[in-house]
Amino acid sequence: MELIGIEMSEFTRRARSILLNHSDLALDRGLEPGERVVLWDALSGDYHSGTVADIDFSLEDTHYRFEIGIRLPEDLALDRITGMPSSSRGLGTREVFALLQQLRADAPGLVHLHNQALER
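Residues numbered from 1 in each chain as written. Predicted model: local features only at pLDDT ≥ 70, side-chain atom pairs only at ≥ 80, totals over all residues. Heavy atoms only, no water.

1. What about unusual backbone geometry?
Basically, it comes down to this: Counting from the N terminus, the helices are DSSP H or I runs at least four residues long and the strands are E runs at least two residues long. Exposure is judged per residue with a 1.4 Å probe applied to protein chains only, and the accessible area is read against the type maximum: over 50% gives exposed, under 20% gives buried, and values in between give partly exposed.
With a phi close to 60°, Arg 16 is a non-glycine residue in the positive phi region. Inspection of the secondary structure puts Arg 16 in the loop between helix 1 (10–15) and strand 2 (17–21). By relative accessible area, which is 34% here, Arg 16 ends up partly exposed.

2. Re the packing of aromatic side chains
Applied cut-off: Pairs were defined over the aromatic rings of Phe, Tyr and Trp, the Trp ring being its six-membered one, requiring ring centres within 6.5 Å. Orientation was assigned from the angle between planes: stacked under 30 degrees, edge-to-face over 60, tilted for the rest.
Summed over all chains, the structure comprises one aromatic pair. A centroid spacing of 5.8 Å and a plane angle of 45° characterise the contact between Tyr 64 and Phe 66, whose relative ring orientation is tilted. The same class applies to Tyr 64 and to Phe 66, which are both buried.

3. Let's talk about a nonpolar patch on the surface
So the rule is basically this: Only residues whose relative accessible area exceeds 30% and that form no salt bridge are eligible for patches; like-charged ones are grouped when within 9 Å, while nonpolar side chains (Val, Leu, Ile, Met, Phe, Trp, Tyr) are grouped when within 5 Å. Computed with the Shrake-Rupley method and a 1.4 Å probe, the accessible areas treat only the protein chains shown as cover for residues. For salt bridges, the criterion is a side-chain nitrogen of Lys or Arg within 4 Å of an Asp or Glu carboxyl oxygen.
Together, Val 96, Leu 100 and Leu 103 make up an exposed nonpolar region whose accessible area comes to about 260 Å². Given a relative accessible area of 47%, Leu 103 falls into the partly exposed group.

4. Here's the deal with the nonpolar core
Put simply, the test is: Residues enter a nonpolar core if they are buried and are Ala, Val, Leu, Ile, Met, Phe, Trp, Tyr or Cys, with the set joined through side-chain atoms within 4.5 Å. The criterion used for residue contact is that any of the two residues' heavy atoms lie within 4.5 Å.
Core analysis: the largest hydrophobic core is formed by 14 residues, its most contacted members being Ile 4, Ile 6, Leu 20, Leu 25, Leu 31, Leu 39 and Phe 66. At the level of secondary structure, the elements contributing two or more residues to this core comprise strand 1 (2–6), strand 2, strand 3 (36–41) and strand 5 (62–72). Ranked by residue count, the leading element in this core is strand 5, at three residues. Among all residues touching Leu 31, those that are not within four sequence positions of it are Glu 2, Ile 4, Val 52, Ile 55, Tyr 64 and Phe 66. Judged by nonpolar contacts, the second largest core, of six residues, contains Tyr 47, Leu 72, Leu 76 and Phe 97.

Structure follows, in structure tokens:
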């Protein structure tokens, strides 16, 4: 997974999206639509999940629009970049993160069940 350094302004934080040129990135290859990356904010030092949302081409450069996802703990960001878990004992950050993602995906159904129980 690619690590991409950016500087997130307040507008970028609110928009949850950033436009970057390939020539401004230290990449060995082009990125693909839907590809997941780790974004590192040089201003705050925070890591975020990211996805290549759009790609546009001009004669001079390739332009990417990244959707900025959730803030990642440093160890999870490094796990994603290296592809190697930092800890293989117990319930690690990666497992907790996966459980939280599953809970978020199930949340609408859980809220519906909760509301049904309250109506009884």
